[in-house]
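These are the residues of each chain, in order.
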Amino acid sequence: MELDKMDENDWKYHGEGNKSLVVSHVQVILRLLKYPAEDSENPPQTAEQAFRQIQNIVDFSSNVMSSLLGEKFIHSGEVVKLPLEFVRQLSIKVQHQRPAWRCDKVMDIYSGCALCLPNLTSPALHQPTHTPPLCIEIKPKCGFLPSSKHVSKDIKTKVCRFCMHQHYKVANGKWKRRSLYCPLDLFSGSRQRMHFAIRHLIEEPQNNFKIFKGGQCIYSSKEGSDDSLDLNSLLHHLRPYFMYGNNRINSHMMGKAPLNDFIQFLVNALLSGGGGDGGLVMDRRGEGRSFCEASPINKERIRHGSQGLPSDSVLFRILQTQMLDTLDIEGLHPLYRRVEQHLQDFPKERYRLQIDGPYNEAFLEKLQKCPTEDDGSVEYAVAKVHQYRVAMTAKDCSVMVTKERDFQDFLSSRPPAFSYSVSILDLDPKPFDSIPRQLRLDQKIVSCYLRTGGALPKGSLPALQGIFSAAEREDCTLLFHPV
Ligand SMILES: O=P(O)(O)O[C@@H]1[C@@H](OP(=O)(O)O)[C@H](OP(=O)(O)O)[C@H](O)[C@H](OP(=O)(O)O)[C@H]1OP(=O)(O)O
Ligand SMILES: Nc1ncnc2c1ncn2[C@@H]1O[C@H](COP(=O)(O)OP(=O)(O)OP(=O)(O)O)[C@@H](O)[C@H]1O
């Protein structure tokens, strides 16, 4: 990338989240910071601070998250300084493609800083394929129920945060329909439960599920819209990738066979070590308390008990990192207050305690060497806060599974074993100051759920409810390929 020859016409709008806007150019993406729209005249930070913020993201990803999640899944990227005129023109160019509900924030056009990363949705140059790669992005969210003694509401140990949060989001109009996806099913390691979880993501993707083909987003929720999702169009896109051999073509399920093969492909990728080779060591911790009472899956109908997640799988690594939140926000908040008080008394300690970085090996060591018991020290409190922030990042990251379709797919009656890669995105550090907001949100979510008794307004069921028949809902194991 020649920075002095940047032309906005070479770049296209790719997507955005709450904090950043992404533009793509074949093999690379630029991830630019966003600011609240009211700050658009006066940027909230200087160019040096913006550079530092993005360098912190790179350091956090490469020195901290990479060690916890596994290097093979991570692309940390590098900070680049772009010509300001290019950034201004780019901002004008992409504006009309941005979803209205994200326009409460504007793209940073003042610092010229951005994070440059490989475009995970684009074909690798050295691997020319017959069809463009298919990429599936899943934001799995928190995959366990808290067991901390600090949890004050029993419901938090029975219904997972995502399922409770759905009620709050529908009640507040963030989404019109509820998703039946439950992260505890996805993280269960049970193929049957994972299969159901992915079906529910397809039915109501929200911001948890997207499909890209050749770099273009072909399936996602249109936020705030009533448009129903087009299953036929999805099947049309999937067919070239998921029609193995002839033996399935006459089956009664033929119409939806690509969809079931697609789901099974995803289950395999999520259970594998990242390149097709399933790990053998299983994690059995947490079994028994890994069911969410709000999940639509009937416990009694689960045919095969979970063997747990293979220890080298992407989901295992994410779950282990999420579980660094051992105290729950209710147990963590008093420790946050201890640190906050200490910083008020000794402001210069902020740097030694690495509250805002640097995110280096010493930071990682602080959180890994945290004593098991609270000795009343500020060091203990800081280590727990660091652990919690790392867990927050793991609860908010996304997994990208990329499938390259090769010729072998057509000839074989089974899915090929080595034709995909798995990456983890969005590994930004969560600010120290976000902890009080976490506590307030937790309280709002729980009280909303208790107030409504877990009931939702009429008409708030998923957009594609009904893409799977009653029989399919009861039994997805019929469709499994042998593994
Ligand atoms: O708090 P949550 O669980 O709602 O997560 C927020 C996400 O909402 P979600 O529920 O996934 O729709 C939220 O996603 P959306 O903006 O809703 O797409 C952000 O990822 C937010 O992170 P940050 O503040 O931008 O660093 C996330 O905030 P953090 O809690 O990670 O700070
Ligand atoms: N390396 C990448 N390759 C391809 N697409 C990417 C890449 N990084 C991000 N994206 C796309 O851009 C979108 C927005 O990026 P990202 O999730 O990092 O934004 P964010 O603002 O940090 O999100 P959040 O709302 O979780 O804070 C992603 O959902 C994904 O579709």
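Residues numbered from 1 in each chain as written. Chains lettered and ligands numbered in written order. Predicted model: local features only at pLDDT ≥ 70, side-chain atom pairs only at ≥ 80, totals over all residues. Heavy atoms only, no water.

The protein chain is annotated in an unreviewed UniProt entry as Inositol-pentakisphosphate 2-kinase of Echeneis naucrates. Listed in UniProt under the heading Sequence similarities (unreviewed entry), the comment for the protein chain reads: "Belongs to the IPK1 type 2 family." One UniProt comment on the protein chain, placed under Catalytic activity (unreviewed entry), says "1D-myo-inositol 1,3,4,5,6-pentakisphosphate + ATP = 1D-myo-inositol hexakisphosphate + ADP + H(+)". (UniProt positions renumbered as here; feature names shortened; annotations may be inferred.)

S.K.: Is there a simple way to explain the pairing of strand β7 (residues 134-138) in this structure?
M.R.: Regular strands show a simple pattern: their side chains alternate between the two faces of the sheet. Across the 5 residues of β7, 5 count as buried, placing the element largely inside the fold. Residues of β7 alternate between two faces, with Leu134, Ile136 and Ile138 on one and Cys135 and Glu137 on the opposite face, all of them buried. Examined bridge by bridge, β7 and strand β8 (residues 209-213) share 5 bridges and lie antiparallel to one another. Within β8, the position partnered with Leu134 by the bridge is Lys213. Across 5 bridges, the pairing between β7 and strand β12 (residues 398-403) is antiparallel. (Buried < 20%, exposed > 50% of the residue type's maximum accessible area, 1.4 Å probe, protein only. Helix = DSSP H or I, 4+ residues; strand = E, 2+ residues; numbered from the N terminus. Pairing = 2+ DSSP bridges.)

S.K.: For this particular structure, what's the right way to read the site of ligand 1?
M.R.: As a structural note, the neighbourhood of ligand 1 is formed by 16 residues, with Arg102, Lys174, Asp396, Lys430 and Gln438 the closest of them. At a separation of 3.1 Å, an oxygen atom of ligand 1 approaches a polar side-chain atom of Lys139. Arg161 is positioned with one of its side-chain polar atoms (N or O) 3.1 Å from an oxygen atom of ligand 1. Elements represented by at least two residues in the shell around ligand 1 include exactly α3 (161-171), α12 (378-396) and α14 (434-452). Formed jointly, the shell around ligand 1 draws a minimum of three residues from each of two domains, domain 1 (3-118) and domain 2 (134-323 + 394-479). (Near = heavy atom within 4 Å. Polar contact = N/O pair within 3.5 Å; in protein donor to acceptor, adjacent residues only side chain to side chain. Domains from an automatic or database assignment.)

S.K.: What is the right way to read the sheet that holds β12 from this model?
M.R.: Remark on secondary structure: sheet strands pair via backbone hydrogen bonds, oriented parallel or antiparallel. Taken together, the 5 strands give an open sheet; going across it, the order is β9-β8-β7-β12-β13, and neighbouring strands pair in antiparallel fashion. Each of the sheet's edge strands pairs with one partner strand only, and the pair in question is β9 (216-219) and β13 (420-425). The mean angle between the axes of side-by-side strands here comes to 25°, regardless of whether they run parallel or antiparallel. Pairing of β12 with β13, which is carried by 6 bridges, proceeds in the antiparallel orientation. Looking at the pairing, Lys403 lines up with Tyr420 of β13. (Axes fitted to C-alpha atoms, helices over the stretch in contact; angles between N-to-C directions.)

S.K.: Would you mind showing me how to read the pairing of β8 here?
M.R.: Where β8 meets β9, 3 bridges bridge the pair, whose relative direction is antiparallel. Pairing of Ile211 across the sheet is with Tyr219, part of β9. Count of turn residues in the β8/β9 antiparallel hairpin: 2 residues, of which Gly214 carries a positive phi of about 55°.

S.K.: I'm lost on α12 in this one. Help?
M.R.: In an α-helix, one turn spans 3.6 residues, which is why side chains three or four residues apart end up on the same side. Along its 19 residues, α12 runs 27 Å from first to last C-alpha, staying within 8% of the 27 Å computed at 1.5 Å per residue. Buried residues dominate α12, accounting for 18 of its 19 residues. (Expected span 1.5 Å × (residues − 1).)

S.K.: Can you walk me through the nonpolar core in this structure?
M.R.: The nonpolar side chains of a soluble globular protein tend to be buried, and buried together. Residues Val64, Phe209, Phe262 and Leu270 are the most contacted members of the largest nonpolar core, which totals 75 residues. Of all the elements, helix α7 (residues 257-271) adds the most residues to this core, at 9 residues. Contacts of Phe262, omitting those with residues within four sequence positions, involve Leu134, Ile136, Ile202, Phe209, Ile211, Leu238 and Phe242. Core analysis: the second largest hydrophobic core is formed by 21 residues, Ile329, Val339, Leu353 and Tyr380 among them. (Core = buried A, V, L, I, M, F, W, Y, C linked by side-chain atoms within 4.5 Å. Contact = heavy atoms within 4.5 Å.)

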